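Analysis of the macromolecular model
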Amino acid sequence: MTHSFETRAIHDGQEFDPTTGAVVPPIYQTSTFVQDGIGGFRGGYEYARSANPTRDSLQTVLASLEGGSAAFSFASGLAAEDSLLRAVLSPGSRVVMGNDVYGGTHRLVNRVWKPWGITLDTVDMTDLDQVREAVQASQTTLLWVETPSNPMMKISDIGALAEIGHAAGALVVVDNTFASPYIQQPLALGADVVVHSTTKYLGGHSDTVGGALVVNDDDLAEKIGFVQFGVGAVSAPMEAWLTIRGIKTLGVRVDRHSENAQAVAEAVVGHPAVEKVYYPGLPEHPGHELASRQMKRFGGMLSIAVSGGAPAAKRFAESTEVFQLAESLGGVESLIGYPSEMTHASVRGTALEVPENLVRLSVGIESVDDLVADVTRALGTLG
Ligand SMILES: *Cc1c(COP(=O)(O)O)cnc(C)c1O
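Small disclaimer: the values here were computed from a predicted structure and weren't measured.

Here we come to the overall build of the chain. Helix and strand counts for the chain come out as 12 helices and 12 strands. Counting only C-alpha atoms and orienting by the principal axes, one finds that the chain spans roughly 75 × 50 × 35 Å. Here the chain holds 383 residues, and 56% of them are scored as buried. Excluding contacts between residues fewer than 6 apart, the proportion of contacts in the chain whose partners are at least 24 apart in sequence is 71%. Accessible surface for the chain amounts to roughly 15600 Å². Of this, 53% is attributable to carbon and sulfur atoms. Distance between charge centres in the chain, computed from 26 positive and 44 negative side chains, equals 3 Å.

See below:
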């Protein structure tokens, strides 16, 4: 019998310990495994870079939640991305990505991979004609989609992009970090690979850094598995365990994140200090209808463009109290950031530059009244 998402999030890959009955499987904090005679591995375990039971547990639940046949867990989201690039690119390959992807993703391809003979082009992923033209212009190996995007909260049509990418012979990758598998499942919509920074919603408690790749294809799984083993940017047992613990509450957390973000967005729309609110849950958001079809909820991330330019935006980001000024997102606690000088500092001066009057909120699961009061009070100081 297949169980529903919430049940799988708690049980898949989490069978109780057969030796003691411990409900929570122990953390296998070990680098190596005793062999019963040379090559006599217990459960296939030999050395923890190739496999560790705690990492396997995480990979099992991740594959289940994304509807994939295999998942691979890494030391960070960028390590996961880099491993994917190593698995599928070769000198001369071309990558086409959205022009507002996570700054570190752009930097990875633009600064680390380009010197190895990779070409990179960026497009507006919400403009399907532009994407079609770009992927047909010359042989494209990877079409890299991030939706909702960071920090502009643009929504791109995963199903349509998968068709466009496949028609051009490209692999279609979706960074599902902002949505999480609870609200969006790219493999079911036609994507070939799902990328996660598990640092964010999956871990959910801002206490660990990690990343993952999920696929539904044996050939891709073999290539990625080889890079995971052969390069070794794996997640450590403790980090994998913390991520597993976070995943158990993913559904209830993301429901609350989404409700709180919707309330904050609605509370600040029309505020005199606010120029524009970017949240897909608002009916006036250009991606609202698509998001309603493609996502189960609208998620916990929103951006606010304030009037008064960079100085006002910085003052706003520095004057909230419950929302703490910090990089990152997706944890239970609310965070506020100034993308132009924080998360997106690496893309300043490029086509991916973000507006200077933009502030990004990761809405946490604290009391919604406290959150709304905090944001409106901070905006009140701008006048
Ligand atoms: C944070 C993030 C990454 C990078 O992940 P790390 O765990 O920081 O390496 C990639 N994509 C998105 C959308 C992110 O938010």
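Another aspect to go through is the domain arrangement of the chain. The assigned domain composition of the chain is domain 1 (5-247) and domain 2 (250-380). Taking only C-alpha atoms into account, the centre of domain 1 sits 25 Å from that of domain 2. In this complex, domain 1 contributes 41 residues to the contact, which on the side of domain 2 involves 40 residues. Both faces combined, the contact of domain 1 with domain 2 buries some 3200 Å², and carbon together with sulfur accounts for 64% of it. Contact with domain 2 buries area across many residues of domain 1, yet Y182, I183 and Y201 alone supply 24% of it, more than any other trio. Our enumeration of links across domain 1 and domain 2 arrives at zero salt bridges. Summed over the shared surface of domain 1 and domain 2, the result is 15 residue pairs in polar contact (both at pLDDT 80 or more).

Next up on the list: the site of the ligand. Residues in close proximity to the ligand total 14 residues, the closest being G77, D175, S197, T199 and K200. Within the backbone of G77, one N or O atom sits 2.9 Å away from an oxygen atom of the ligand. Note that an oxygen atom of the ligand is positioned 2.8 Å from one of the side-chain N or O atoms of T199. Contact with the protein chains removes 92% of the 380 Å² of surface that the ligand exposes when unbound. Tallying contributions element by element places helix α3 (residues 77-88) first for the shell around the ligand, with three residues. A per-class count over the shell around the ligand returns four nonpolar, six polar and four charged.

A few words on the pattern of salt bridges. For the coordinates displayed, the defined rule picks out 12 salt bridges. In this structure, D82 engages R86 in a salt bridge whose closest nitrogen and oxygen atoms are separated by 2.7 Å. Of the two residues, D82 and R86 are both situated in helix α3; the distance of four residues between them amounts to about one turn of the helix. When its relative accessible area of 14% is taken as the criterion, D82 is described as buried. Judged by its relative accessible area of 42%, R86 is partly exposed. In this structure, R377 and E321 form a salt bridge, with 3.8 Å as the shortest nitrogen-oxygen distance. Taken together, the positions of R377 in helix α12 (residues 368-380) and E321 in the loop between α11 (309-319) and β10 (324-325) put the pair 56 residues apart, joining distant regions of the chain. With a relative accessible area of 63%, E321 lands in the exposed category. Each of K314, E341, R348 and E356 takes part in one network of salt bridges that share partners.

A few words on the packing of helix α5 (residues 128-137) against helix α6 (residues 158-167). One way to put it is that α5 packs onto α6 with a least axis distance of 9 Å and a crossing angle of 20°. By the angle between their axes, α5 is roughly parallel relative to α6. As for the relative orientation of α5 and α6, their crossing is right-handed in sense. In this structure, α5 contributes L128, V131, R132 and V135 to the contact, and α6 contributes A160, L161 and I164. For the contact of α5 with α6, the class distribution of residues is six nonpolar, no polar and one charged.

Whenever strands of a sheet pair, they do so through backbone hydrogen bonds, lying parallel or antiparallel. A sheet is described by the order of its strands in space; here seven strands give the open sequence β1-β7-β6-β5-β4-β2-β3, paired in mixed fashion. The sheet is open, and its two edges are formed by β1 (70-74) and β3 (119-123), each paired on a single side. Between one strand axis and the next, the sheet turns through 20° on average, direction left out of account. Two strands pair when backbone bridges link them, and strand β6 (residues 193-197) and strand β7 (residues 211-215) are joined in this way by five bridges, in the antiparallel orientation.

Moving on to the packing of aromatic side chains. In total, this model carries two aromatic pairs according to the counting rule given. Taken together, a centroid distance of 5.4 Å and an interplanar angle of 35° make the contact between F33 and Y45 tilted. Pair noted here: F33 is in the loop between α1 (5-11) and α2 (53-66) and Y45 is in the loop between α1 and α2, with a separation of 12 residues, a long-range link. Judged by relative accessible area, which is 16%, Y45 ranks as buried. Over the face of the ring belonging to Y102 we find K200, whose NZ or CZ atom lies 5.2 Å from the ring centre.

This brings us to the side chain of S334. With respect to the helices, strands and loops of the structure, S334 is situated in the loop between β10 and β11 (335-337). Here G364 takes part through its backbone nitrogen, which lies 2.7 Å from a polar atom of the side chain of S334. Of the polar contacts made by the side chain of S334, one reaches the side chain of E366; its length is 2.7 Å.

Strands sit in the order β8-β9-β12-β11-β10 across an open sheet of five strands; the sheet is mixed. Looking at the sheet topology across the chains shown, the edges are occupied by β8 (274-278) and β10. Pairing of β8 with strand β9 (residues 301-306), which is carried by four bridges, proceeds in the antiparallel orientation. Within β9, the residue paired with V274 across the bridge is V306. Taken strand by strand, helix α9 (residues 250-268) contacts β8, β9 and β12 (358-362), and its axis lies near 15° from that of β9. Taken strand by strand, α11 contacts β9, β10, β11 and β12, and its axis lies near 135° from that of β9.

Scoring rules and cut-offs
- Residues numbered from 1 in each chain as written.
- Predicted model: local features only at pLDDT ≥ 70, side-chain atom pairs only at ≥ 80, totals over all residues.
- Heavy atoms only, no water.
- Helix = DSSP H or I, 4+ residues; strand = E, 2+ residues; numbered from the N terminus.
- Buried < 20%, exposed > 50% of the residue type's maximum accessible area, 1.4 Å probe, protein only.
- Contact = heavy atoms within 4.5 Å.
- Areas by Shrake-Rupley, 256 points an atom, 1.4 Å probe, with all protein chains shown as cover.
- Lys, Arg positive; Asp, Glu negative; His and termini not counted.
- Charge placed at Lys NZ, Arg CZ, Asp CG, Glu CD.
- Domains from an automatic or database assignment.
- Buried area = accessible area lost by both parts, 1.4 Å probe.
- Salt bridge = Lys/Arg side-chain N within 4 Å of Asp/Glu carboxyl O.
- Polar contact = N/O pair within 3.5 Å; in protein donor to acceptor, adjacent residues only side chain to side chain.
- Near = heavy atom within 4 Å.
- Nonpolar A, V, L, I, M, F, W, Y, C, P; charged D, E, K, R; others polar.
- Axes fitted to C-alpha atoms, helices over the stretch in contact; angles between N-to-C directions.
- Parallel < 35°, antiparallel > 145°, perpendicular 65-115°, else oblique.
- Left-handed = near helix turned anticlockwise from the far one by under 90°.
- Pairing = 2+ DSSP bridges.
- Phe/Tyr/Trp six-rings, centres within 6.5 Å; stacked < 30°, edge-to-face > 60°.
- Lys NZ or Arg CZ within 6 Å of the ring centre and 35° of its normal.

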